Amino acid sequence: MADATENFFEELSHRGHEPLLEKATGTVRFDLVNGKRSERWLVEIEKGDIAVSRKQASADLVIRSDKALFDRVATGRENAFAALLRGEVDAEGKVQLMMQFQRLFPGPPRRRSR
Amino acid sequence: MSDGLVKILDGNTFVVSDERGDIEASLTDPTGLFSFDTRFLSRWVLTVDGQRLNPLSVDDLQYFETRFFLVPGTGTVYVDSKLSVIRQRAVGDGFHEELTILNHDEGPVNLTVRVEAGCDFADLFEVKDALKKKGSYSTKVEKKRLTLGYHRKTFGRETVISASEPAKVDANGLTFTVRIKPHGEWTTDLDVVTAVGAGRRYVRPKYERGEKRARPSMDVDLDRWLRDAPKLESDSEQLRHTYHRSLVDLAALRFSPPIAGGKSLPAAGLPWFMTMFGRDSIFTSLQALPFAPKLAATTISTLGDWQGTRSDDFRDEDPGRILHELRYGEMTAFEERPHSPYYGCADATPLYVVLLDEYERWTGDRHLVREYEQEARAALNWIDEYADLMSNGYIWYERRNEKTGLENQCWKDSWDSISYRDGRLPGFPRATCELQGYAYDAKVRGARLARDIWKDDDLADRLEQQAADLKRRFNRDYWVEGGGYFALALDTEGKQVDALSSNNGHLLWSGIVDKSKAKAVAGHLLGPRLFSGWGVRTLAEGEGRYNPIGYHVGTVWPFDNSFIAWGLRRYGFKEEAARIASGILDAAAFFEGRLPEAFGGYDRPVTKYPVQYPTACSPQAWSTGAPLLLLRTMLGLEPHGDHLIVDPALPSDIGRLELLDIPGRWGRIDAFGRGLMELGKPKGSRRRSR
């Protein structure tokens, strides 16, 4: 099975522009811990224009989480805001960016549709 | 206060104590220090030499500050004490208490002063529903500090209690051994700081121990808030008082969620609802527009930023849907409740567009309308794509979260609020009437925004056509022939849920009512079955489920009435609007200017005073906003281009009424009116602008 986190960020990178982020400008870094390894993704947002990289850089907002948890967030199996309230996801910096970015996560897999 | 509880608050942090300043909460009892939907202190009891204290008086200095004057000893009628105790408490991110003991004796005294502290870290939902905790507690005793903690997996909350004077700290509190000189005094600062765990780190409190005031800036802030609002001059002292009370309470109910970047919007009410509610924030922002338009701007941006983007059955979320309620507590965190956020409401989404348009009409802030174009379009799209569950051109609601979602997703959200005349309840989905009115208004106003600001004539044409079609169908399908009013809802078979209700007033407000039907509707609203003498009942007397103290089936809601009055004015019923305004403002006098959420629907001559609904929240934002909207209604304030039309229609007992410096796209304008309205003889109006 392909890596859900990688899929999420690659898909985001291909989009290049995301209307839901048109009011957002800033950088978000995701530090995802996988055992002893830590994987980083940097998302640079400029009024909806998006650039995704693996650069090591400081950011306006740093999100820290377990890699496995983020895989579930990236596929809609876990809700990012509830995880933040539980303390499973940690957000440091410009919290508003977190609220704007969470709109991009998919909803849970549908059992029925209308 | 009427319930014997003293409440102070700052944003979503608040303290509810008894008149001694003590907190002794049980699981089901709403006293304590609360922040972010969690109780951070459930026990806070002061004793001097083992004795509880007796309250002499309580000064509500400001909404965020109280002073308790106490003497030792309880249970006696006669108080003769050589000691006085003063607790001055200010709420911030936690609270700060200055404890002072005065010795009035000619000799020195040696005292043992103890503050008992404890915490159950209950989620507000647990307090409401009396549920048991699933995590574990901890206590840390240090030299000058007691830390109470609660942890469940990665979820952590702590309360840190400290004192400025030397104290012996144990797991249950702090003890001070005090000697006070003749006619001397002793004082200590006590700080209670709430800490929200974010993984391993804790968010640092906003004030440190030792400051005189928790938030010295709050005073300044309140002064500025009052200065920015229009000034009210009137012969009616009661009206002046109610206006001042409303402004101060509205200031208290402001709330700055992290996402709003330090700006604030109205939370719903104390104590249960110090959080973001889509519907309540929108209604309150509408009420406050002529007085504090910035609230609307924050409501628009914050609710827009949280707008639904995906389909999520647990949260009843759809793309474009405006949230119902956001919570931060443990049960939300662990998804035992869906409020992260919960989207199950059917009215906030069309009302979002209504607010955006009304905001621009008052302020001329086209920038915000452009900035939130995408969200407004998504909201308009939600009405057609996601809310029309029966595919027949109406808004319907039915929860997808069948365990913890809301059954009734309209403002009357209790289980029995929607009924037929004979008392039967319809099945789901339901299409309540006011939702169709809001949808109509959203389309009409959306069309204006599309044409004037977004420069999209196609969308404007389409919305106008849809609105006209909706109005035509609605006046056919919901009109109760022979009754002369609109049905409360349609059921799934297309039959009318035919009870007579206050919702008819919201229909006038929305503009969906055919002119030819408006007179009959107004007649019902002011008729004996709906009008109690204080205001319009939620459900008419004589209906199967009518109960004068039933939450949505007979009580009178000040917020509801303020919109009904606005609706009556919209259709030219000035006198009827003034009668409602007069009744509700008279009622406010019985609550010291602070209208409760609801009061009993008894006939005014029967009880002589309005009977408060038992568990109503107070202050509550949209009740606080009601006098403001009633003032707007009575003065007939209506923006028209860059002008403000003033067309007063006031009851005579108000006398002279002046509202000075009304902010808007015109700069500042004064409105004047004189109460000339008696027994249906409206006359007299003038206006002046500068």
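This text goes with the structure placed above it.
Residues numbered from 1 in each chain as written. Chains lettered and ligands numbered in written order. Predicted model: local features only at pLDDT ≥ 70, side-chain atom pairs only at ≥ 80, totals over all residues.

Chemist: Teacher, can you tell me more about the overall build of chain B here?
Modeler: Helix and strand counts for chain B come out as 18 helices and 32 strands. Residues counted as buried form 53% of the 690 residues belonging to chain B. Considering only contacts in chain B between residues 6 or more positions apart, those separated by 24 or more positions represent 64%. (Helix = DSSP H or I, 4+ residues; strand = E, 2+ residues; numbered from the N terminus. Buried ≥ 20, exposed ≤ 12 C-beta atoms within 10 Å, placed from the backbone. Contact = placed C-beta atoms within 7 Å.)

Chemist: How should I be thinking about the sheet that holds strand β15 (residues 168–170) of chain B in this particular structure?
Modeler: As a general point, the strands of a sheet are linked pairwise by backbone hydrogen bonds and lie either parallel or antiparallel. Taking strand neighbours across the sheet as the criterion, the five strands line up as β3-β6-β11-β16-β15 (chain B) in an open arrangement whose pairing is antiparallel. Here the strands that pair on one side only, and so sit at the sheet edges, are β3 (23–24) and β15 of chain B. (Pairing = 2+ DSSP bridges.)

Chemist: How should I be thinking about the interface of chain A and chain B in this particular structure?
Modeler: Between chain A and chain B, the residue contacts involve 21 residues of the former and 25 residues of the latter. Elements represented by at least two residues in the side of chain A that touches chain B include exactly α3 (80–86) and α4 (95–101) of chain A. Residue classes in the side of chain A that touches chain B are distributed as nine nonpolar, five polar and seven charged. (Nonpolar A, V, L, I, M, F, W, Y, C, P; charged D, E, K, R; others polar.)

Chemist: Would you mind going over the sheet that holds strand β22 (residues 431–432) of chain B with me for this structure?
Modeler: Residues and elements named next belong to chain B. Read across the open sheet, the three strands follow the order β22-β25-β26; overall the sheet is antiparallel. Of all the strands in the sheet, the pair left with one neighbour each is β22 and β26 (496–497). The pairing of strand β25 (residues 489–490) with β26 spans two bridges and is classified as antiparallel. Bridge pairing in β26 places leucine 490 opposite glutamine 496.

Chemist: Got a minute to help me understand the environment of leucine 389 of chain B in this structure?
Modeler: All names here are of chain B. Position of leucine 389 among the secondary structure elements: in the loop between α9 (373–385) and β22. With 18 C-beta atoms counted inside 10 Å, the residue leucine 389 sits in the partly exposed group. Between the alpha carbons of leucine 389 and alanine 431 there is a distance of 9.4 Å; along the sequence they are 42 residues apart. If sequence neighbours within four positions are ignored, leucine 389 has contacts with Trp396, Glu398 and Pro429.

Chemist: Quick question: what am I supposed to make of helix α1 (residues 4–15) of chain A here?
Modeler: In an α-helix, one full turn covers 3.6 residues, which means residues spaced three or four apart are oriented alike. Residues and elements named next belong to chain A. If you check α1, its first and last C-alpha atoms are 17 Å apart, about what twelve residues at 1.5 Å a residue would give, namely 16 Å. Within α1, the full set of buried residues consists of Thr5, Phe8 and Phe9. What you see down the axis of α1 is that its buried residues fit within an arc of 90°, all on one side. Every exposed residue of α1 that faces more than 90 degrees away from the buried side is listed here: Glu11 and His14. The inward-facing, buried residues of α1 contact β1 (25–34), β2 (37–46), β3 (49–53) and α2 (67–74). Within two residues after α1, glycine 16 carries a phi angle of roughly 70°, on the positive side. (Expected span 1.5 Å × (residues − 1). Arc of directions from axis to C-beta.)

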